[in-house]
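# A look at the structure
The residues making up each chain are set out below.
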Amino acid sequence: MTLHRRSALLGLSVLLLSACVGGGGKFETDYTPVPADLAKSWRLAEVRVSVPKTLVVSEAKTLLPRADIVWREDPLGDRHAQVGKIIQAAVLRGAQGLRGSRPVIISITVTRFHALTFEAELSNSDWGVHNVDFTAQVLDARTGEVLLPATAIRAETPAWSGARMKEARRKGITQKSMITNHVAATVAGWLGLGPDNRGSFTRQGD
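Report on the accompanying structure. None of these values were measured; they are calculated from a predicted model.

A few words on the overall build of the protein. Per the secondary structure count, the protein includes 6 helices and 8 strands. Its helices and strands taken in sequence order, the protein reads α-β-α-β-β-α-β-α-β-β-β-α-α-β from the N to the C terminus. By the burial criterion, 44% of the 206 residues in the protein qualify as buried. Of all intrachain contacts in the protein linking residues separated by at least 6 positions in sequence, the fraction that spans at least 24 positions is 74%. If you sum the accessible surface of the protein, you get close to 10400 Å²; carbon and sulfur atoms cover 56% of it.

Now the structure itself:
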């Protein structure tokens, strides 16, 4: 093995160790379920998503960028807008079962959207976490009355990397599809439209 290659491998090992120590730990999907008698009266009229420009974006080609927004699958561009579209699609799917008589607006504010960089996805270890956190508020679509104050929702799910993600991509599974599915299931659980999606896990990553 050449000195250059040995140094490169050592550097990668240090980065991985740093990620494991600095970003490893317990993660969870958590929310306070909407009371069933309240949610059953609602009918979805609109989903509004805000991704504040104060959220810091990283395009760093590293294993573990320190930022609020880390997103790579869409072309380089307005990451705030890209994240907004992903969350809106997921919430629309998760809330589509609302069939009550009172039209409501679900207003979402994203607080974190931290997916894997391609450098992390291509690492040989199966590690990493998709951190998606937001607040959700429900308003009367006609009057603007707040029916449910802003509540925090954590939708964190294990990411895939290495050979596992390579095989998944061959089957059409992407980071976007994984995140969208998880956020949709979380919203459905929060509204009582699907199984309770809450749970925790321990994993290396951030």
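This part covers the side chain of His182. Position of His182 among the secondary structure elements: in helix 6 (residues 175-191). Aside from chain neighbours lying at most four places away, what touches His182 is Thr29, Ala155, Glu156, Thr157 and Asn197.

Ranked by size, the top nonpolar core spans 36 residues in total, and within it Trp42, Ile87, Ile106, Phe113, Val183, Trp190 and Leu191 carry the most contacts. Broken down by secondary-structure element, the contributors of at least two residues to this core are strand 2 (42-50), helix 3 (79-95), strand 4 (102-114), strand 5 (129-140), strand 6 (146-155) and helix 6. With 6 residues, the top contributor of residues to this core is helix 3. Excluding its chain neighbours within four sequence positions, the residues that come into contact with Phe113 are Asp68, Ile69, Val70, Trp71, Val83, Ile86, Ile87, Asn131, Val132 and Ile179. Grouped together as the second largest cluster of nonpolar side chains are 5 residues, Leu116, Ala120, Trp127 and Ala159 included.

Take the environment of Ala188 next. With respect to the secondary-structure elements, Ala188 resides in helix 6. Overall, Ala188 belongs to the buried group, its relative accessible area being 14%. When the C-alpha atoms of Ala188 and Leu98 are compared, they prove to be 9.5 Å apart, with 90 residues separating the residues in sequence. Sequence-distant contacts of Ala188, defined by excluding residues within four places in its chain, comprise Gly94, Leu193 and Gly194.

Quick look at the packing of helix 3 against helix 6 now. Where helix 3 meets helix 6, the closest approach of the two axes is 7 Å, and the angle between their N-to-C directions is 40 degrees. What the angle tells us is that helix 3 and helix 6 run oblique. When the axes of helix 3 and helix 6 are compared, the crossing they make is right-handed. Taken together, the residues of helix 6 that come into contact with helix 3 (itself represented by Ile86, Ile87, Ala90, Val91, Arg93, Gly94 and Ala95) are Lys176, Ile179, Thr180, Asn181, Val183, Ala184, Val187, Ala188 and Leu191. Residues that form the contact of helix 3 with helix 6 fall into these classes: 11 nonpolar, 3 polar and 2 charged.

Throughout the structure, instances matching the rule amount to 2 aromatic pairs. Taking 5.6 Å as the distance between ring centres and 85 degrees as the angle between the ring planes, the aromatic pair formed by Trp71 and Phe113 counts as edge-to-face. One end of the pair, Trp71, is in the loop between strand 3 (69-70) and helix 3; the other, Phe113, is in strand 4, with 42 residues separating them in the sequence. Pair check on accessibility: Trp71 and Phe113 agree, each one buried.

This part takes up helix 3. Residue pairs three or four apart in sequence face the same way in an α-helix, which turns once every 3.6 residues. For helix 3, spanning 17 residues, the distance from its first C-alpha to its last is 24 Å, which sits close to the expected 24 Å at 1.5 Å a residue. Inspection of helix 3 places Arg79, His80, Gln82, Val83, Gly84, Ile86, Ile87, Ala90, Val91, Gly94 and Ala95 among the buried residues, and these make up the whole buried set. Tucked inside the fold, the buried residues of helix 3 contact strand 2, strand 3, strand 4, strand 5 and helix 6. One side-chain oxygen at the N-terminal end of helix 3 lies 3.1 Å from the backbone nitrogen of His80; it belongs to Asp78.

Right, let's get into the pattern of salt bridges. Inspection of every chain in the model, using the stated rule, returns 13 salt bridges. Taking the shortest distance from any N to any O, the salt bridge between Arg79 and Glu59 comes out at 2.8 Å. A residue pair is termed long-range when its members are at least 10 positions apart, and Arg79 in helix 3 and Glu59 in the loop between strand 2 and strand 3 qualify at 20 residues. For Arg79, a relative accessible area of 5% puts it in the buried group. Residue Glu59 is classed as partly exposed on the basis of its relative accessible area, which comes to 34%. Residues Arg154 and Glu156 are paired through a salt bridge, measuring 3.0 Å at the closest nitrogen-oxygen approach. Classification of Glu156 by relative accessible area gives buried; the value is 3%.

Cut-offs used in this document
Residues numbered from 1 in each chain as written. Predicted model: local features only at pLDDT ≥ 70, side-chain atom pairs only at ≥ 80, totals over all residues. Heavy atoms only, no water. Helix = DSSP H or I, 4+ residues; strand = E, 2+ residues; numbered from the N terminus. Buried < 20%, exposed > 50% of the residue type's maximum accessible area, 1.4 Å probe, protein only. Contact = heavy atoms within 4.5 Å. Areas by Shrake-Rupley, 256 points an atom, 1.4 Å probe, with all protein chains shown as cover. Core = buried A, V, L, I, M, F, W, Y, C linked by side-chain atoms within 4.5 Å. Axes fitted to C-alpha atoms, helices over the stretch in contact; angles between N-to-C directions. Parallel < 35°, antiparallel > 145°, perpendicular 65-115°, else oblique. Left-handed = near helix turned anticlockwise from the far one by under 90°. Nonpolar A, V, L, I, M, F, W, Y, C, P; charged D, E, K, R; others polar. Phe/Tyr/Trp six-rings, centres within 6.5 Å; stacked < 30°, edge-to-face > 60°. Expected span 1.5 Å × (residues − 1). Polar contact = N/O pair within 3.5 Å; in protein donor to acceptor, adjacent residues only side chain to side chain. Salt bridge = Lys/Arg side-chain N within 4 Å of Asp/Glu carboxyl O.

As far as function goes, none of this settles anything; it's purely spatial.
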